[in-house]
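For reference, the chains in residue letters:
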Amino acid sequence: MDEHVLTSAERGVLTVRINRPEKKNALTAAMYAALANALDKAAAHKDIRVTLILGVPGTFCAGNDIADFLQVSMSNAPGSNAVFDFLERIIMAAKPVVAGVDGVAIGVGTTMLMHCDHVVASEASVFRTPFVDLGIVPEAGSSLLGPRLMGHHRAFALLAMGEPLSAAEALAAGFVSHVVPVAELEERARAAAQAIAAKPPEALEISRRLIRGDRTDVLHRMREEATLFAERLKSEEARAAFMAFMNRGAGKAS
Ligand code: COA
């Protein structure tokens, strides 16, 4: 297990905490692999009924590590597959996934929520997917699920224009279930996960399958996006955007 992804199991809930606060919980390949492993563990263990994904106070997840993006962008080698392993697991997860979000949820920090069954967000949450500004394209099946959830115009504003959404706007957009005060975030997210874990498991599994529907179209879109995404990572536009982010400290200091 990666030191930046911590897991613990209690009362039927596997808590998976993204824990790299010094980099705003930006996800590296090792962290995606650890997240994928955690979902595998949830799938394999009978006693685990729900996975609960949390960040740290003030930071859910700042998306993919941009230093990793830059490295892929500058090299001839393909990027790691760990991100797709994680995305496949969360898209096809057979057991419920709950998330508790406080603070920034950027890029995959937002798009992973579209695959969760229940999302509790604090009033201080901000959701943003600056894919186009980074020279890349939407991922995680968000180009299919986004418009389905919130309609074309709102999905375009989020996924193409990179407009930030507040917690209330994310609730209205349909990928947040409840907005709660910051101080109550973890307690409320955990309570929701435990309540789901306490339901009759067979009835829950069948009901969830009916509600989620067949997800193979989402899986296919995720793979289609991934091919385009991998091409875009090598583009001039993306390289310039990644370098601008990595060098912005120099600008701030001068
Ligand atoms: N990848 C790599 N490092 C990241 C990161 C990311 N996605 N997000 C934040 N960090 C790092 C910063 O480089 C900084 O590192 P340093 O202290 O070594 O310089 C540290 O995390 C703290 O970030 P900082 O930008 O100083 O904090 P902030 O509170 O001013 O802003 C964010 C926080 C998340 C709004 C800002 O960091 C940001 O926009 N990050 C990029 C998000 C993004 O575009 N992700 C990709 C989506 S596809």
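Residues numbered from 1 in each chain as written. Predicted model: local features only at pLDDT ≥ 70, side-chain atom pairs only at ≥ 80, totals over all residues. Heavy atoms only, no water.

## With respect to the pattern of salt bridges
As enumerated under the stated definition, the model contains 12 salt bridges in all. Across the pair D40 and R89 runs a salt bridge, and its minimum N-O distance is 2.6 Å. Of this pair, D40 sits in helix 1 (residues 29–44) while R89 sits in helix 3 (residues 82–92), and the two are 49 residues apart along the sequence. Overall, R89 belongs to the partly exposed group, its relative accessible area being 29%. Residues D117 and R212 are paired through a salt bridge, measuring 3.1 Å at the closest nitrogen-oxygen approach. Separated by 95 residues along the polypeptide, D117 in the loop between helix 4 (108–111) and strand 7 (118–122) and R212 in helix 9 (residues 201–212) bring together distant segments of the chain. When salt bridges with common partners are traced through the structure, they connect D117, R208 and R212 into a single cluster. (Salt bridge = Lys/Arg side-chain N within 4 Å of Asp/Glu carboxyl O. Helix = DSSP H or I, 4+ residues; strand = E, 2+ residues; numbered from the N terminus. Buried < 20%, exposed > 50% of the residue type's maximum accessible area, 1.4 Å probe, protein only.)

## Let's talk about the pairing of strand 2 (residues 13–18)
Of all the six residues making up strand 2, five are buried; the element is thus mostly covered by neighbouring parts of the structure. As judged from the six bridges shared by strand 1 (residues 5–10) and strand 2, these two strands associate in the antiparallel manner. Each residue of the ladder has a partner; that of S8, found in strand 2, is T15. The turn linking strand 1 back onto strand 2 is made up of two residues, and R11 within it adopts a positive phi angle of 50°. For strand 2 and strand 3 (residues 50–54), the ladder comprises five bridges, and the chain directions are parallel. Residue pairing for strand 3: V16 is matched across the bridge by I53. In terms of handedness, the path from strand 2 via helix 1 over to strand 3 forms a crossover that is right-handed. (Pairing = 2+ DSSP bridges. Right-handed = clockwise from strand over helix to strand, strands pointing away.)

## Observations regarding the site of the ligand
In the neighbourhood of the ligand, 16 residues make up the surrounding shell, with K23, A62, N64, I66 and R248 lying closest. Here an oxygen atom of the ligand sits 2.6 Å away from a polar atom, N or O, in the side chain of K23. In the environment of the ligand, a nitrogen atom lies 3.0 Å from a nitrogen or oxygen atom belonging to the backbone of N64. Starting from 860 Å² of accessible surface for the ligand in isolation, the protein chains cover 69%. The cavity where the ligand resides is the largest pocket. Residues that form the shell around the ligand fall into these classes: eight nonpolar, two polar and six charged. (Near = heavy atom within 4 Å. Polar contact = N/O pair within 3.5 Å; in protein donor to acceptor, adjacent residues only side chain to side chain. Areas by Shrake-Rupley, 256 points an atom, 1.4 Å probe, with all protein chains shown as cover. 1 Å grid on protein atoms, 1.4 Å probe; cavity = no way out; pocket = protein on both sides within 12 Å on 5 of 7 lines; lining within 4 Å. Sits in = over half its atoms within 2 Å of the grid points. Nonpolar A, V, L, I, M, F, W, Y, C, P; charged D, E, K, R; others polar.)

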